[in-house]
Amino acid sequence: MNSPPPSGPVRIGVLGASSIAWRRTLPALLDAADSTVVAVASREREKAERFAARFGCAAVHGYESLLERDDIDAVYVSVPNSLHHPWVRRLLMRDKHVLAEKPLTTRPADTAALIGLAAERGLVLRENIAFVHHGLHRRVAELVEGGRIGRLRHIDAAFCFPPLPGTDVRYRADLGGGALLDAGLYPVRLAQYFLGDELTVAGAVLRDDPVSGVDVAGCAVLAASTGETVTLSFGFEHGYGARYTLWGSTGRLCVDRAFTPPPAMAPVVRIEEQDHAEEITLPAEHQFAASASSFVAAVLRSRPLGSDPGHGEWARTALRTAELLDGIATSAHRVTAGRRD
């Protein structure tokens, strides 16, 4: 194995010139301390050059060419879902640390294989789920643990937004599209955040688009080993909504704009009890910057190549997310969606 430089900024390559890379992740990686973006690779030369001009890095035509560079320590992967597994595997085999867009893969077995390979080679592998890095949810967890709403009994969570352009890759079944993997992952991971990984799928419904063949909406019920229940909704055929409610024995705690708050937005936590309601305003945070910084810090801790201290905890949660999503997909009652309006 070739060890990365013992000091200096983490040199990052980008595989895929996606919208989320342009709008959120690349600006965050540029702002992160101790990192520098070296090159962006796209299968479209013009797109690679447009990214390179904006982010001050090299343009690389073709994914394969990025693998051949020897000036990259880590790679941010932002290609369609079905391509994650083969390209992340190739990068790990080249001793590159990887930050991959969610979902890490489209199959639990592939997720497990990548996690095992990263551990075997002493590499950092992370899934770019930004919302878990926002301090809002840590504060909510502290309130719940402090008994603010009594004993937690139930979680209701949703992430939905309007229909996408017809050419969007999320309508491509062959590229791992669909609302479950794109939007459903958020409330599933939120349930894990508050209840842990010992959750099971108790029931689900998916609405399939007859044109594209992908699921465009759905809902599911999860059950925790300790008795709590979860209802979750997701889709891209709705008015926008990203929220959750934690229902306890003495009150409820509600959060809106839960998964994609703008960096300047101060989130509000609303607590409702029998004869009392209050709102707590928390500091604004840039969750994509926090996710990028967490990844870079993990890479720096791993130099020279060795074990990633956070790998085990992250790996268990990531694999369980993949298993729960697969459980929803395989057990769901499926209905046919109407026209996209």
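Summarised in this report is the structure supplied together with it.

**Some words on the pattern of salt bridges**
Stage number 1. Per the counting criterion, the structure on display carries 22 salt bridges.
Stage number 2. Put simply, Arg207 and Glu237 hold a salt bridge, and the shortest N to O gap is 2.5 Å. Taken together, the residues span a long stretch of sequence, with Arg207 in strand β8 (residues 199-208) and Glu237 in the loop between β10 (229-235) and β11 (241-248) at a distance of 30 residues.
Stage number 3. Several salt bridges converge on common partners, so that one network encompasses Lys102, Asp168, Arg170 and Asp182.

**Quick look at helix α9 (residues 311-331)**
Stage number 1. Taking 1.5 Å as the rise per residue, α9 with 21 residues should run 30 Å; its terminal C-alpha atoms sit 30 Å apart, in good agreement.
Stage number 2. Looking only at α9, the buried set comprises His311, Trp314, Ala315, Thr317, Ala318, Thr321, Ala322, Leu324, Leu325, Gly327 and Ile328.
Stage number 3. Lining the buried residues of α9 we find α5 (108-121), β6 (125-128), α7 (179-195), β8 and β9 (215-224).

**So, helix α1 (residues 19-31)**
Stage number 1. With 13 residues, α1 should cover 18 Å at 1.5 Å per step; its first-to-last C-alpha distance of 18 Å lies within 8% of that length.
Stage number 2. The largest bend in α1 is about 45 degrees, located at Thr25, with the proline Pro27 one to four residues further on.
Stage number 3. The N-cap of α1, judged by a side-chain oxygen 3.1 Å from the amide nitrogen of Ala21 a few residues on, is Ser18.

**A look at the nonpolar core**
Proteins that are soluble and globular tend to have nonpolar side chains buried together.
Stage number 1. Val140, Tyr244, Leu246, Leu253 and Val269 are the most contacted members of the largest nonpolar core, which has 53 residues in total.
Stage number 2. Counting residues per element, this core draws most heavily on α7, which supplies eleven residues.
Stage number 3. Setting aside residues up to four positions removed in sequence, Leu246 forms contacts with Val140, Val144, Ile149, Leu152, His154, Ile155, Phe194, Gly251, Arg252 and Leu253.
Stage number 4. Judged by nonpolar contacts, the second largest core, of 30 residues, contains Ala41, Val75, Trp87 and Ala100.

**Digging into the packing of aromatic side chains**
Ring pairs (aromatic) are described by centroid distance and by the angle formed between their planes.
Stage number 1. All chains considered together, the criterion is met by 15 aromatic pairs.
Stage number 2. Arranged with centres 5.5 Å apart and planes meeting at 55 degrees, the rings of Phe159 and Phe259 form a pair that is tilted. Remark: Phe259 occurs in the loop between β12 (251-255) and β13 (268-273) and Phe159 occurs in strand β7 (residues 152-160); sequence separation between them is 100 residues.
Stage number 3. By relative accessible area, Phe159 is classed as buried at 5%.
Stage number 4. Seen from their ring centres, Phe194 and Tyr244 are 5.6 Å apart, and the 55 degrees between their planes marks the pair as tilted. Here Phe194, found in helix α7, pairs with Tyr244, found in strand β11; they are 50 residues apart in sequence, far enough to count as distant. Across the pair, exposure class does not vary: Phe194 and Tyr244 are buried alike.

What counts and what doesn't
- Residues numbered from 1 in each chain as written.
- Predicted model: local features only at pLDDT ≥ 70, side-chain atom pairs only at ≥ 80, totals over all residues.
- Heavy atoms only, no water.
- Salt bridge = Lys/Arg side-chain N within 4 Å of Asp/Glu carboxyl O.
- Helix = DSSP H or I, 4+ residues; strand = E, 2+ residues; numbered from the N terminus.
- Expected span 1.5 Å × (residues − 1).
- Buried < 20%, exposed > 50% of the residue type's maximum accessible area, 1.4 Å probe, protein only.
- Contact = heavy atoms within 4.5 Å.
- Bend = angle between axes of the 7 residues up to and from the residue.
- Polar contact = N/O pair within 3.5 Å; in protein donor to acceptor, adjacent residues only side chain to side chain.
- Core = buried A, V, L, I, M, F, W, Y, C linked by side-chain atoms within 4.5 Å.
- Phe/Tyr/Trp six-rings, centres within 6.5 Å; stacked < 30°, edge-to-face > 60°.

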